[in-house]
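Below are the chains, spelled out letter by letter.
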Amino acid sequence: MPLPDARAAARELVAAGMPLTGEEQSVLGPFAAAVADWALMQLRSLPVGMRIDQWIRDTIPVLRSQQEETIAEIQQQNLEATTRAIGRLTVPRHLAATNAAHALFADRLLGREWYAIPYRAMGLTDDGQRLLSLLDDVPPDPRHDRELIDRWAGALGMRGWYRWAPYRP
Amino acid sequence: MRPLFVRIPVQSFDTALLPPEARRIGSAEFKDAVIRHFAREYLDKGETVLVTVDDEAITVQSLQSAPEAMAPVLELLNAGRIREALPMLESLAERFPDDVDVRYNLGIALSELGRLDEAIAQLQAAVALQPNHSRAWTGIGVAQARLRRTDEALAALNRAVAADPGDGYAHRNLGAVLSGQKRFAEALPHFREALHQLPDDP
(Lines give C-alpha, C1' and ligand atoms only; values in the text may rest on other atoms or scores of the structure.)
Protein backbone atom coordinates (compact mmCIF):
# COMPACT_ATOMS: atom_id res chain seq x y z
CA MET A 1 0.00 0.00 0.00
CA PRO A 2 1.23 3.52 -0.74
CA LEU A 3 2.45 5.60 2.19
CA PRO A 4 1.80 9.32 2.69
CA ASP A 5 5.54 9.90 2.41
CA ALA A 6 5.32 9.00 -1.27
CA ARG A 7 3.53 12.19 -2.27
CA ALA A 8 5.76 14.33 -0.08
CA ALA A 9 8.86 12.77 -1.60
CA ALA A 10 7.49 13.27 -5.08
CA ARG A 11 6.78 16.91 -4.25
CA GLU A 12 10.41 17.44 -3.26
CA LEU A 13 11.66 15.71 -6.36
CA VAL A 14 9.42 17.64 -8.73
CA ALA A 15 10.30 21.00 -7.20
CA ALA A 16 13.98 19.99 -6.92
CA GLY A 17 15.12 23.30 -5.47
CA MET A 18 13.76 25.33 -8.37
CA PRO A 19 12.38 28.76 -7.57
CA LEU A 20 8.75 28.28 -8.60
CA THR A 21 6.37 30.85 -10.00
CA GLY A 22 3.05 31.38 -8.27
CA GLU A 23 1.30 29.37 -10.94
CA GLU A 24 3.78 26.51 -10.57
CA GLN A 25 3.34 26.58 -6.79
CA SER A 26 -0.40 26.28 -7.22
CA VAL A 27 -0.16 23.13 -9.34
CA LEU A 28 2.82 21.57 -7.59
CA GLY A 29 0.74 19.58 -5.11
CA PRO A 30 -1.65 17.94 -7.59
CA PHE A 31 1.14 17.37 -10.10
CA ALA A 32 3.42 15.75 -7.52
CA ALA A 33 0.54 13.57 -6.29
CA ALA A 34 -0.10 12.41 -9.84
CA VAL A 35 3.61 11.68 -10.29
CA ALA A 36 3.73 9.66 -7.05
CA ASP A 37 0.67 7.62 -7.97
CA TRP A 38 2.01 7.03 -11.45
CA ALA A 39 5.49 6.04 -10.24
CA LEU A 40 4.04 3.54 -7.76
CA MET A 41 1.79 2.06 -10.41
CA GLN A 42 4.76 1.68 -12.77
CA LEU A 43 6.86 0.13 -10.02
CA ARG A 44 4.15 -2.40 -9.23
CA SER A 45 3.25 -3.20 -12.82
CA LEU A 46 6.22 -2.85 -15.16
CA PRO A 47 8.88 -5.24 -13.88
CA VAL A 48 6.43 -8.09 -13.27
CA GLY A 49 4.66 -7.27 -16.54
CA MET A 50 7.94 -7.60 -18.39
CA ARG A 51 8.38 -11.09 -17.04
CA ILE A 52 4.90 -11.98 -18.21
CA ASP A 53 5.59 -10.50 -21.62
CA GLN A 54 8.77 -12.56 -21.87
CA TRP A 55 6.85 -15.70 -20.88
CA ILE A 56 4.16 -15.02 -23.50
CA ARG A 57 6.79 -14.39 -26.14
CA ASP A 58 8.61 -17.61 -25.30
CA THR A 59 5.65 -19.93 -24.88
CA ILE A 60 2.64 -18.66 -26.88
CA PRO A 61 3.82 -17.64 -30.35
CA VAL A 62 0.24 -17.33 -31.62
CA LEU A 63 -0.19 -14.22 -29.47
CA ARG A 64 2.80 -12.38 -30.88
CA SER A 65 0.99 -9.89 -33.08
CA GLN A 66 -1.48 -8.99 -30.31
CA GLN A 67 1.40 -8.68 -27.91
CA GLU A 68 3.24 -6.30 -30.23
CA GLU A 69 0.14 -4.15 -30.57
CA THR A 70 -0.31 -4.01 -26.81
CA ILE A 71 3.33 -3.15 -26.27
CA ALA A 72 3.03 -0.33 -28.81
CA GLU A 73 0.05 1.08 -26.91
CA ILE A 74 1.86 0.86 -23.60
CA GLN A 75 4.95 2.50 -25.07
CA GLN A 76 2.87 5.41 -26.34
CA GLN A 77 1.23 5.81 -22.92
CA ASN A 78 4.63 5.62 -21.23
CA LEU A 79 6.05 8.30 -23.48
CA GLU A 80 3.15 10.59 -22.75
CA ALA A 81 3.61 10.03 -19.02
CA THR A 82 7.38 10.46 -19.13
CA THR A 83 7.16 13.77 -20.94
CA ARG A 84 4.23 15.15 -18.96
CA ALA A 85 4.94 18.71 -17.88
CA ILE A 86 3.21 21.73 -16.47
CA GLY A 87 5.43 24.69 -17.18
CA ARG A 88 8.83 23.73 -15.80
CA LEU A 89 7.39 20.97 -13.63
CA THR A 90 8.31 17.63 -15.17
CA VAL A 91 8.47 13.99 -14.15
CA PRO A 92 11.72 13.51 -12.17
CA ARG A 93 14.31 11.94 -14.40
CA HIS A 94 15.23 8.98 -12.25
CA LEU A 95 11.56 7.98 -11.87
CA ALA A 96 11.15 8.06 -15.64
CA ALA A 97 13.86 5.39 -15.80
CA THR A 98 11.10 2.79 -15.32
CA ASN A 99 9.73 3.67 -18.73
CA ALA A 100 13.20 3.72 -20.26
CA ALA A 101 13.70 0.21 -18.90
CA HIS A 102 10.42 -0.89 -20.43
CA ALA A 103 11.38 0.60 -23.80
CA LEU A 104 14.75 -1.18 -23.72
CA PHE A 105 12.99 -4.38 -22.74
CA ALA A 106 10.45 -4.03 -25.57
CA ASP A 107 13.22 -3.48 -28.11
CA ARG A 108 15.04 -6.54 -26.82
CA LEU A 109 11.89 -8.64 -26.82
CA LEU A 110 10.86 -7.63 -30.34
CA GLY A 111 14.38 -7.57 -31.80
CA ARG A 112 14.39 -3.95 -32.90
CA GLU A 113 15.88 -0.69 -31.68
CA TRP A 114 12.96 1.66 -31.85
CA TYR A 115 11.19 2.33 -28.59
CA ALA A 116 14.35 3.40 -26.75
CA ILE A 117 15.15 6.26 -29.13
CA PRO A 118 13.18 8.97 -27.28
CA TYR A 119 14.63 7.82 -23.96
CA ARG A 120 18.15 7.98 -25.35
CA ALA A 121 17.40 11.55 -26.43
CA MET A 122 16.40 12.32 -22.85
CA GLY A 123 19.54 10.68 -21.42
CA LEU A 124 17.54 8.00 -19.60
CA THR A 125 18.81 4.78 -21.12
CA ASP A 126 21.70 4.23 -18.68
CA ASP A 127 19.29 4.32 -15.74
CA GLY A 128 16.84 2.18 -17.69
CA GLN A 129 19.57 -0.35 -18.40
CA ARG A 130 20.37 -0.60 -14.69
CA LEU A 131 16.75 -1.49 -13.96
CA LEU A 132 16.71 -3.98 -16.79
CA SER A 133 19.82 -5.64 -15.34
CA LEU A 134 17.98 -6.05 -12.03
CA LEU A 135 15.14 -7.71 -13.88
CA ASP A 136 17.61 -10.13 -15.40
CA ASP A 137 19.27 -10.81 -12.02
CA VAL A 138 16.14 -11.86 -10.12
CA PRO A 139 14.82 -15.38 -10.80
CA PRO A 140 11.81 -15.18 -13.15
CA ASP A 141 9.06 -16.77 -11.12
CA PRO A 142 6.19 -15.35 -9.04
CA ARG A 143 7.87 -16.17 -5.74
CA HIS A 144 10.39 -13.46 -6.52
CA ASP A 145 7.95 -10.76 -7.61
CA ARG A 146 8.25 -8.84 -4.36
CA GLU A 147 12.03 -9.07 -4.41
CA LEU A 148 12.07 -7.70 -7.95
CA ILE A 149 9.83 -4.78 -7.06
CA ASP A 150 11.83 -4.04 -3.91
CA ARG A 151 15.08 -4.02 -5.85
CA TRP A 152 13.65 -1.66 -8.43
CA ALA A 153 12.31 0.52 -5.63
CA GLY A 154 15.77 0.62 -4.06
CA ALA A 155 17.32 1.68 -7.35
CA LEU A 156 14.67 4.35 -7.82
CA GLY A 157 14.85 5.72 -4.27
CA MET A 158 11.25 4.66 -3.65
CA ARG A 159 11.82 2.11 -0.90
CA GLY A 160 9.99 4.25 1.67
CA TRP A 161 7.06 5.01 -0.59
CA TYR A 162 5.04 1.83 0.17
CA ARG A 163 4.79 -1.18 2.41
CA TRP A 164 3.64 -4.68 1.67
CA ALA A 165 0.29 -5.61 3.16
CA PRO A 166 -1.08 -9.11 3.65
CA TYR A 167 -3.47 -10.17 0.92
CA ARG A 168 -7.09 -10.26 2.05
CA PRO A 169 -9.73 -11.29 -0.47
CA MET B 1 4.44 -0.35 -37.07
CA ARG B 2 2.12 1.84 -35.05
CA PRO B 3 2.68 5.56 -35.79
CA LEU B 4 4.86 7.32 -33.27
CA PHE B 5 3.97 10.58 -31.61
CA VAL B 6 6.12 12.02 -28.86
CA ARG B 7 6.39 15.50 -27.39
CA ILE B 8 9.49 16.05 -25.26
CA PRO B 9 10.01 19.23 -23.20
CA VAL B 10 13.10 20.98 -24.56
CA GLN B 11 14.72 20.99 -21.13
CA SER B 12 14.47 17.19 -21.03
CA PHE B 13 16.67 16.70 -24.10
CA ASP B 14 20.18 15.44 -23.32
CA THR B 15 22.28 18.20 -24.86
CA ALA B 16 25.42 16.07 -24.49
CA LEU B 17 24.18 14.30 -27.63
CA LEU B 18 24.62 17.49 -29.62
CA PRO B 19 27.72 19.28 -30.91
CA PRO B 20 29.07 21.78 -28.34
CA GLU B 21 28.02 24.77 -30.41
CA ALA B 22 24.40 23.54 -30.49
CA ARG B 23 23.81 22.97 -26.77
CA ARG B 24 22.15 26.27 -25.89
CA ILE B 25 18.48 25.38 -25.60
CA GLY B 26 16.33 27.56 -27.79
CA SER B 27 19.08 28.60 -30.19
CA ALA B 28 18.72 28.01 -33.92
CA GLU B 29 21.71 25.65 -33.74
CA PHE B 30 19.99 23.64 -31.00
CA LYS B 31 16.82 23.30 -33.05
CA ASP B 32 18.72 22.22 -36.18
CA ALA B 33 20.82 19.71 -34.26
CA VAL B 34 17.81 18.18 -32.49
CA ILE B 35 15.98 17.75 -35.78
CA ARG B 36 19.03 16.11 -37.32
CA HIS B 37 19.48 13.88 -34.28
CA PHE B 38 16.00 12.41 -34.48
CA ALA B 39 15.94 12.26 -38.27
CA ARG B 40 19.17 10.24 -38.18
CA GLU B 41 18.11 7.99 -35.32
CA TYR B 42 14.85 6.98 -37.00
CA LEU B 43 16.26 6.90 -40.51
CA ASP B 44 18.75 4.30 -39.29
CA LYS B 45 15.72 2.17 -38.43
CA GLY B 46 14.13 2.76 -41.82
CA GLU B 47 11.55 5.23 -40.49
CA THR B 48 10.82 8.78 -41.50
CA VAL B 49 9.81 11.22 -38.82
CA LEU B 50 8.75 14.81 -38.79
CA VAL B 51 10.52 16.73 -36.04
CA THR B 52 9.55 20.20 -34.96
CA VAL B 53 11.15 22.21 -32.19
CA ASP B 54 9.61 25.25 -30.57
CA ASP B 55 10.54 27.11 -27.40
CA GLU B 56 8.77 24.58 -25.17
CA ALA B 57 8.92 21.15 -26.74
CA ILE B 58 10.30 18.83 -29.36
CA THR B 59 7.63 16.98 -31.31
CA VAL B 60 8.45 13.81 -33.20
CA GLN B 61 5.90 11.97 -35.31
CA SER B 62 6.37 9.15 -37.77
CA LEU B 63 5.32 9.52 -41.37
CA GLN B 64 4.30 6.67 -43.60
CA SER B 65 4.53 8.11 -47.14
CA ALA B 66 6.25 10.93 -49.02
CA PRO B 67 3.06 12.95 -49.71
CA GLU B 68 2.05 12.63 -46.07
CA ALA B 69 5.52 13.69 -45.04
CA MET B 70 5.65 16.63 -47.43
CA ALA B 71 2.45 18.33 -46.28
CA PRO B 72 3.80 19.86 -43.05
CA VAL B 73 7.15 20.57 -44.69
CA LEU B 74 5.42 22.55 -47.42
CA GLU B 75 3.68 24.56 -44.73
CA LEU B 76 7.07 25.52 -43.34
CA LEU B 77 8.40 26.37 -46.81
CA ASN B 78 5.35 28.46 -47.63
CA ALA B 79 5.84 30.32 -44.37
CA GLY B 80 9.44 31.05 -45.33
CA ARG B 81 10.81 28.82 -42.54
CA ILE B 82 13.35 27.26 -44.88
CA ARG B 83 16.08 26.57 -42.31
CA GLU B 84 13.62 24.52 -40.24
CA ALA B 85 12.34 22.66 -43.29
CA LEU B 86 15.79 21.79 -44.63
CA PRO B 87 16.76 18.95 -42.23
CA MET B 88 13.34 17.39 -42.76
CA LEU B 89 13.74 17.56 -46.52
CA GLU B 90 17.22 16.05 -46.26
CA SER B 91 15.91 13.12 -44.25
CA LEU B 92 12.98 12.71 -46.63
CA ALA B 93 15.36 12.63 -49.59
CA GLU B 94 17.23 9.77 -47.95
CA ARG B 95 14.00 7.96 -47.10
CA PHE B 96 12.25 8.62 -50.43
CA PRO B 97 15.11 9.10 -52.93
CA ASP B 98 12.84 8.56 -55.94
CA ASP B 99 10.20 11.09 -54.99
CA VAL B 100 10.40 13.99 -57.40
CA ASP B 101 8.58 16.46 -55.13
CA VAL B 102 10.99 15.79 -52.29
CA ARG B 103 14.01 16.29 -54.57
CA TYR B 104 12.51 19.42 -56.11
CA ASN B 105 11.65 21.07 -52.81
CA LEU B 106 15.00 20.16 -51.29
CA GLY B 107 16.71 21.70 -54.31
CA ILE B 108 14.72 24.91 -54.06
CA ALA B 109 15.31 25.15 -50.31
CA LEU B 110 19.06 24.72 -50.79
CA SER B 111 19.00 27.32 -53.52
CA GLU B 112 17.15 29.79 -51.29
CA LEU B 113 19.84 29.26 -48.64
CA GLY B 114 22.58 29.93 -51.18
CA ARG B 115 23.88 26.35 -51.31
CA LEU B 116 23.72 26.47 -55.07
CA ASP B 117 25.81 23.49 -56.18
CA GLU B 118 23.95 21.21 -53.78
CA ALA B 119 20.68 22.70 -55.03
CA ILE B 120 21.59 21.93 -58.62
CA ALA B 121 22.43 18.33 -57.73
CA GLN B 122 19.02 17.82 -56.12
CA LEU B 123 17.17 19.52 -58.97
CA GLN B 124 19.07 17.41 -61.48
CA ALA B 125 17.93 14.36 -59.56
CA ALA B 126 14.37 15.68 -59.90
CA VAL B 127 14.60 16.10 -63.67
CA ALA B 128 16.25 12.70 -63.97
CA LEU B 129 13.11 11.30 -62.35
CA GLN B 130 10.75 13.51 -64.35
CA PRO B 131 12.42 15.05 -67.42
CA ASN B 132 9.54 17.44 -68.18
CA HIS B 133 9.54 19.00 -64.68
CA SER B 134 9.68 22.60 -65.86
CA ARG B 135 9.92 24.10 -62.37
CA ALA B 136 12.94 21.94 -61.56
CA TRP B 137 14.60 23.02 -64.82
CA THR B 138 13.80 26.61 -63.89
CA GLY B 139 15.35 26.04 -60.47
CA ILE B 140 18.51 24.70 -62.10
CA GLY B 141 18.60 27.69 -64.43
CA VAL B 142 18.20 30.18 -61.60
CA ALA B 143 20.91 28.50 -59.51
CA GLN B 144 23.29 28.35 -62.48
CA ALA B 145 22.61 32.01 -63.22
CA ARG B 146 23.40 32.95 -59.61
CA LEU B 147 26.68 31.06 -60.03
CA ARG B 148 27.26 33.14 -63.19
CA ARG B 149 27.28 30.03 -65.36
CA THR B 150 25.27 31.66 -68.08
CA ASP B 151 25.46 28.94 -70.72
CA GLU B 152 24.28 26.30 -68.27
CA ALA B 153 21.55 28.62 -67.03
CA LEU B 154 20.25 29.29 -70.51
CA ALA B 155 20.30 25.60 -71.38
CA ALA B 156 18.28 24.71 -68.30
CA LEU B 157 15.78 27.54 -68.75
CA ASN B 158 15.25 26.62 -72.38
CA ARG B 159 14.52 23.07 -71.21
CA ALA B 160 12.01 24.51 -68.75
CA VAL B 161 10.21 26.48 -71.45
CA ALA B 162 10.22 23.49 -73.76
CA ALA B 163 8.83 21.25 -71.02
CA ASP B 164 5.99 23.65 -70.26
CA PRO B 165 5.50 26.60 -72.63
CA GLY B 166 2.82 27.93 -70.25
CA ASP B 167 5.25 28.24 -67.30
CA GLY B 168 5.44 31.97 -66.75
CA TYR B 169 8.27 31.69 -64.23
CA ALA B 170 10.43 29.82 -66.72
CA HIS B 171 9.83 32.55 -69.31
CA ARG B 172 10.49 35.33 -66.84
CA ASN B 173 13.80 33.84 -65.70
CA LEU B 174 14.88 33.02 -69.24
CA GLY B 175 14.11 36.59 -70.22
CA ALA B 176 16.13 37.87 -67.27
CA VAL B 177 19.21 35.82 -68.10
CA LEU B 178 19.03 36.82 -71.78
CA SER B 179 18.69 40.46 -70.74
CA GLY B 180 21.76 40.06 -68.58
CA GLN B 181 23.57 39.05 -71.76
CA LYS B 182 22.16 42.13 -73.51
CA ARG B 183 20.20 39.82 -75.82
CA PHE B 184 17.15 42.03 -75.48
CA ALA B 185 15.44 41.00 -78.71
CA GLU B 186 15.52 37.35 -77.63
CA ALA B 187 14.43 38.24 -74.11
CA LEU B 188 11.42 40.31 -75.12
CA PRO B 189 9.06 37.48 -76.20
CA HIS B 190 9.80 35.62 -72.98
CA PHE B 191 8.96 38.66 -70.87
CA ARG B 192 5.78 39.10 -72.89
CA GLU B 193 4.82 35.48 -72.33
CA ALA B 194 5.64 35.80 -68.63
CA LEU B 195 3.44 38.87 -68.39
CA HIS B 196 0.68 36.99 -70.16
CA GLN B 197 0.97 33.99 -67.83
CA LEU B 198 1.60 35.97 -64.67
CA PRO B 199 -0.25 39.26 -65.01
CA ASP B 200 -0.06 39.97 -61.28
CA ASP B 201 3.63 39.09 -60.86
CA PRO B 202 5.59 42.18 -59.79
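Everything numeric in this text was worked out from a predicted model, so none of it was measured.

Colleague: Would you explain the packing of aromatic side chains in this entry?
Modeller: The description of an aromatic ring pair uses the distance of the two centres, along with the angle that the planes make with each other. Residue and element names in this part refer to chain B. Using the criterion set out here, one finds five aromatic pairs over all chains in the structure. Geometrically, the ring pair formed by F13 and F38 is edge-to-face, given 5.9 Å between the ring centres and 70 degrees between the ring planes. Note that F13 is positioned in the loop between β1 (5–9) and α1 (28–43) and F38 in helix α1, a separation of 25 residues in sequence. Comparing F13 with F38 shows no difference in burial state: the two are buried. For the ring pair F38 and Y42, a centre distance of 6.5 Å and an interplane angle of 20 degrees mean the geometry is stacked. One end of the pair is F38 and the other is Y42, both in helix α1 and four residues apart, which spans about a single turn. Looking at Y42, the relative accessible area reads 0%, which means it is buried.

Colleague: I would appreciate a short explanation of the nonpolar core in the present structure.
Modeller: In globular proteins that are soluble, nonpolar side chains generally tend to be buried together. Core analysis: the biggest nonpolar cluster contains 94 residues, and W152(A), M158(A), W161(A), F38(B), I58(B) and V60(B) have the highest contact counts within it. Among the elements that take part in this core, helix α2 (residues 22–59) of chain A stands out by supplying 12 residues, more than any other. For W152(A), the residues in contact, after removing those within four places along its chain, are L43(A), L46(A), P47(A), M50(A), T98(A), A101(A), L131(A), L134(A) and L135(A). Membership of the second largest hydrophobic core comes to 22 residues, among which are I140(B), A143(B), L157(B) and A160(B).

Colleague: When you look at the sheet that holds strand β3 (residues 57–63) of chain B in this model, what are you seeing that I'm missing?
Modeller: Sheets are built from strands that pair by backbone hydrogen bonding, the pairs being arranged parallel or antiparallel. Residue and element names in this part refer to chain B. With respect to topology, three strands assemble into an open sheet ordered β1-β3-β2, the strand pairing being antiparallel. Either end of the sheet is taken by a strand with one partner, and the two such strands are β1 and β2 (48–53). The average angle at which neighbouring strand axes cross in this sheet is 15 degrees, direction not considered. Pairing analysis gives five bridges linking β1 to β3, with the strands arranged antiparallel. Across the sheet, residue V6 finds its bridge partner in β3, namely V60. Running at roughly 165 degrees to β2, α1 makes contact with β1, β2 and β3 of the sheet.

Colleague: Which parts of the structure should I look at to understand the interface of chain B and chain A?
Modeller: Frequently, the measure chosen for interface size is the accessible area that the parts lose on association. In this complex, chain B contributes 20 residues to the contact, which on the side of chain A involves 20 residues. For the pair chain B and chain A, the summed buried surface comes to about 1,700 Å²; carbon and sulfur atoms form 64% of the total. Linking chain B with chain A are one salt bridge. The partner of E41(B) in a salt bridge is R120(A), and the shortest N-O contact between them spans 3.1 Å. One can count three residue pairs in polar contact (both at pLDDT 80 or more) joining chain B with chain A. Only β1 and α1 of chain B provide two or more residues apiece to the side of chain B that touches chain A. Residue contributions to the side of chain B that touches chain A peak at five residues, all from β1(B). Its residues assigned to classes, the side of chain B that touches chain A shows 11 nonpolar, three polar and six charged.

Colleague: Whenever I open this one, the layout of surface pockets confuses me. Can you help?
Modeller: In this approach the atoms are scanned with a rolling probe the size of a water molecule, which exposes any empty space left behind. Residues and elements named next belong to chain B. Within this model, the largest pocket holds a volume of roughly 470 Å³. Along its surface, the largest pocket is lined by 18 residues, and Y104, I108, E112, R135 and G139 are the ones closest to its centre. Put simply, the parts of the chain that give the lining of the largest pocket at least two residues each are α2 (66–78), α4 (100–112), α6 (134–146) and α8 (168–180). If one sorts the elements of the lining of the largest pocket by residue count, α4 sits on top with six residues. Counted by class, the lining of the largest pocket contains seven nonpolar, six polar and five charged residues.

Colleague: Please clarify how the environment of H102(A) should be interpreted in this entry.
Modeller: Within the fold, H102(A) resides in helix α4 (residues 93–110). H102(A) has contacts with L46(A), M50(A), D53(A), I74(A), Q75(A) and N78(A), leaving out every residue within four places of it along the chain.

Colleague: Would you mind showing me how to read unusual backbone geometry here?
Modeller: Most peptide bonds take the trans configuration, and most residues that are not glycine carry a negative phi. All names here are of chain B. Not every positive phi belongs to a glycine, and R148 is a case in point at roughly 60 degrees. Residue R148 is classed as exposed on the basis of its relative accessible area of 75%. Located in the positive-phi region is K182, a residue other than glycine, with phi close to 60 degrees. Relative to the helices and strands, K182 resides in the loop between α8 and α9 (184–197). Assessed through its relative accessible area of 65%, K182 is described here as exposed.

Cut-offs used in this document
Residues numbered from 1 in each chain as written. Chains lettered and ligands numbered in written order. Predicted model: local features only at pLDDT ≥ 70, side-chain atom pairs only at ≥ 80, totals over all residues. Heavy atoms only, no water. Phe/Tyr/Trp six-rings, centres within 6.5 Å; stacked < 30°, edge-to-face > 60°. Helix = DSSP H or I, 4+ residues; strand = E, 2+ residues; numbered from the N terminus. Buried < 20%, exposed > 50% of the residue type's maximum accessible area, 1.4 Å probe, protein only. Core = buried A, V, L, I, M, F, W, Y, C linked by side-chain atoms within 4.5 Å. Contact = heavy atoms within 4.5 Å. Pairing = 2+ DSSP bridges. Axes fitted to C-alpha atoms, helices over the stretch in contact; angles between N-to-C directions. Buried area = accessible area lost by both parts, 1.4 Å probe. Salt bridge = Lys/Arg side-chain N within 4 Å of Asp/Glu carboxyl O. Polar contact = N/O pair within 3.5 Å; in protein donor to acceptor, adjacent residues only side chain to side chain. Nonpolar A, V, L, I, M, F, W, Y, C, P; charged D, E, K, R; others polar. 1 Å grid on protein atoms, 1.4 Å probe; cavity = no way out; pocket = protein on both sides within 12 Å on 5 of 7 lines; lining within 4 Å. Points joined across faces, edges and corners; volume = space filled by probe spheres on them.

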